[in-house]
Amino acid sequence: MVLNPVLGKLVSKRVVLASASPRRQEILTNVGLRFEVVPSWFKETLEKSSFAAPYEYAVETAKQKALEVANRMHVKHLRTPDVVIGADTIVTVDEQILEKPVDKQDAYRMLSRLNGKEHSVFTGVAIIHCSSKDNQLETEVTDFYEETKVKFSDLSEELLWEYIHSGEPMDKAGGYGIQALGGMLVEYVHGDFLNVVGFPLNHFCKKLAELYYPPSKHNVQHKKYDSIPSVDTFENLSDGESESSNFTEHKGASKLDSSGMCSSEAIYNSENSSSVTTALMVPLENQNGVSESAAKLPSKILELMDGFRASKALFVASKLKIFDHLKDKGPLKAVDIADEVGTSVCGTERLLDACAGLGLLEKTTQGYSNTDSTNTYLTSDGEYSLHGYVIHSNDHLWPLFTNLESAVKEGTRQNHRAFGKKAEDLFKDYYHSQEVKQRFMAAMHSIAHLTARDVATAFDLSRFRSACDLGGCTGALAHELVQIYPNLKVTVFDLPEVIANTSYFQPSGQHTAQVTFVSGDFFKDNLPEADLYILSRVLHDWPDEKIHVLLSKVSAVCKPGCGILLAEMVLDDEKKNRSTALLQSLNMLVQTEGKERSGSEYQALLEQHGFTNVKIRMRGNLLDAILCVKT
Ligand SMILES: Cc1cn([C@@H]2O[C@H](COP(=O)(O)OP(=O)(O)OP(=O)(O)O)[C@@H](O)[C@H]2O)c(=O)[nH]c1=O
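As recorded by an unreviewed UniProt entry, the protein carries the name Acetylserotonin O-methyltransferase like and is attributed to Accipiter nisus. Per UniProt, the protein has the following entry under Cofactor (unreviewed entry): "a divalent metal cation". The record in UniProt for the protein states the following under Subunit (unreviewed entry): "Homodimer."

Structural data, given as structure tokens:
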């Protein structure tokens, strides 16, 4: 992985992010950086008029935020961090600097200024290298800024207020969050998107590259670096390039970190690394100057090796409803959460710390609290709650996956091993007990609700007047469809055991009467009449033979001009990209007779039943969409 050499430089350091922004934490966590979060107490009150340009204000604020944390940690906690990162995002329009709105009226004032216009978003970043000499803190500051231009559409007053009432603007510079609902206000973005969200990751990596891979004489001659290296890309950096690195902090660096693992310091600190022969091994010099080999920290592999620990930490926190408690009452200390959920204090503290390390929680001096995404996706009443799917993953998929080895050896599903009974029919297994059925339905509902908009808007379906969602479960997709296409009526067709339990999942509001539920077995019973048949996450449950049975039934009732909409994770033809989809196919192996398929495979299945004009829309999220027409 080409990025590893740059971010790997921080692996063995105590890195602190001096920011309470959940977005910054998420951006850096997503690229595998490990850091502590210590929000800065620096008040953003620098005199704006004293800066010649707005970005100077952002850079100085970022610097002050980071320095405040570095000083506080050094003095109060007697723990000098190695690197402190601070950032500050501002929006500028008509030479005015907009920060976070103080109330709704202020948000309205900001959004009205941005309405219909282009503005700039600047994020200033400070990277502070700290050391302690005679108990005095010494700092080396590197700072930079990034500008991104964003244009808002012409927005109605009504829309602005609706957006303000969503609550989203309040903790965001300029009063909007481009990464969420605010994205709908934006016509275009010129520049780094993540810079708008709060952290210019690309520029940050380039800065690290400049710091940790300064140009050698050799480089200066052959590359376009000036005396200060301007790194246009960090892609080509390899350990080979650090061959003549003169970054003195590496000299004499310990080869093993405190955990006994080979640290990146040791790995990158080779004057002879030009003799690198494989991606994973680089030579190190021992004390006698003799080359020896050491394994480079294979971060991707380590991450995969530990992946189950992270999953299980998420599952357990969800099962214990920790995110629900924190949503209602956070921030809370470990002892209070342990008390609420009836667990040990020491165990709970470790779980909470792990969740904070994984970016699911924020940890401050007041205690633990949820991040925005945790509130949205992991609480049981979150807007796009995945709680049901997380519990299903823990209770159902986890035992199945522990039998993956047998599934691979035997090529069959493992329900009998995981749950101690012979598999009859896939859905009979799910529905044998009320508890398992409800859990399964909640899981399917959470994914369907989350993906419904992507599926419903993948194609223009406005020409269809009636649709039948075969295996449509709780009707989550059906409800989204009728919101988007007010002239559409949707029948949700599913097994009687499912239809009997859908009431809990029904939304209130407009157009709900356009969704009706009919019970039946799509392999055996007559299908309701419709212009469009929808099969969302259905075909992947079945082998080709069963799919032929189902498609021939649909084909028999489908009139020319009517269509099928499939929603599945579509694999590329060579089945080598998109690990989520490939892992989903393993998921199908352990529990069904089905699998994930490529676009051409779906096309071939559909064409055999008279469906042509097959269009595939890759959405790149959890579900892609395929539309075809009966000729
Ligand atoms: C334009 C925009 C901004 N933001 C957030 O706005 C805050 C800026 O405020 P800040 O003062 O730079 O940071 P903070 O949140 O107060 O944290 P801290 O670093 O502790 O000062 C940061 O959160 C950013 O993500 C978004 O999430 N999305 C957007 O589209």
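Student: How would you sum up the pairing of strand β6 (residues 136–152)? Please name residues and give values.
Tutor: Pairing of strand β5 (residues 118–133) with β6 involves 16 bridges; the strand directions are antiparallel. Within β6, the position partnered with H119 by the bridge is V150. Linking two consecutive strands that pair antiparallel, namely β5 and β6, is a turn of two residues; a positive phi of about 50 degrees is found at D134 within it.

Student: I'd like a rundown of the site of the ligand, residues and numbers included.
Tutor: The environment of the ligand is made up of 21 residues, and the closest members are S19, R24, K65, K100 and V197. One nitrogen or oxygen atom from the side chain of R24 is found 2.7 Å from an oxygen atom belonging to the ligand. At 2.3 Å from an oxygen atom of the ligand is found a side-chain nitrogen or oxygen belonging to K100. Protein contacts shield 94% of the accessible area of the ligand, which totals 610 Å² for the unbound molecule. Elements supplying a minimum of two residues to the shell around the ligand: α2 (22–30), β3 (83–93) and α6 (193–197). Per-element tally for the shell around the ligand: the top contributor is β3, with three residues. Broken down by class, the residue content of the shell around the ligand amounts to seven nonpolar, six polar and eight charged.

Student: How would you sum up unusual backbone geometry? Please name residues and give values.
Tutor: The bulk of non-glycine residues show a negative phi, and the bulk of peptide bonds are trans. Note the cis peptide between G330 and P331, where omega equals -5 degrees. Counting through the fold element by element, P331 comes out in the loop between α11 (322–329) and α12 (334–341). Non-glycine residue E95 carries a positive phi angle of around 65 degrees. Take E95: it is sitting in the loop between β3 and β4 (96–98). Even without glycine at this site, R537 takes up a positive phi of about 50 degrees. Residue classification places R537 among the buried positions, given a relative accessible area of 18%.

Student: Now, about helix α15 (residues 387–401): what can you tell me, with residues and values included?
Tutor: Of all bends in α15, the biggest is about 40 degrees, found at S393. With 13 of 15 residues buried, α15 is to be regarded as a mostly interior element.

Student: Report on the sheet that holds strand β17 (residues 611–617), specifying residues and quantitative values.
Tutor: Pairing is mixed in the open sheet, where seven strands are placed in the order β14-β13-β12-β15-β16-β18-β17. Looking at strand neighbours, the two that pair on one side only are β14 (515–519) and β17, the edges of this open sheet. Each strand axis lies, on average, 20 degrees off the axis of its neighbour in the sheet, ignoring direction. Strand direction decides the pairing type here: strand β12 (residues 466–470) and strand β15 (residues 532–536), joined by three bridges, are parallel.

What counts, and where the lines are drawn
- Residues numbered from 1 in each chain as written.
- Predicted model: local features only at pLDDT ≥ 70, side-chain atom pairs only at ≥ 80, totals over all residues.
- Heavy atoms only, no water.
- UniProt positions renumbered as here; feature names shortened; annotations may be inferred.
- Pairing = 2+ DSSP bridges.
- Helix = DSSP H or I, 4+ residues; strand = E, 2+ residues; numbered from the N terminus.
- Near = heavy atom within 4 Å.
- Polar contact = N/O pair within 3.5 Å; in protein donor to acceptor, adjacent residues only side chain to side chain.
- Areas by Shrake-Rupley, 256 points an atom, 1.4 Å probe, with all protein chains shown as cover.
- Nonpolar A, V, L, I, M, F, W, Y, C, P; charged D, E, K, R; others polar.
- Buried < 20%, exposed > 50% of the residue type's maximum accessible area, 1.4 Å probe, protein only.
- Bend = angle between axes of the 7 residues up to and from the residue.
- Axes fitted to C-alpha atoms, helices over the stretch in contact; angles between N-to-C directions.

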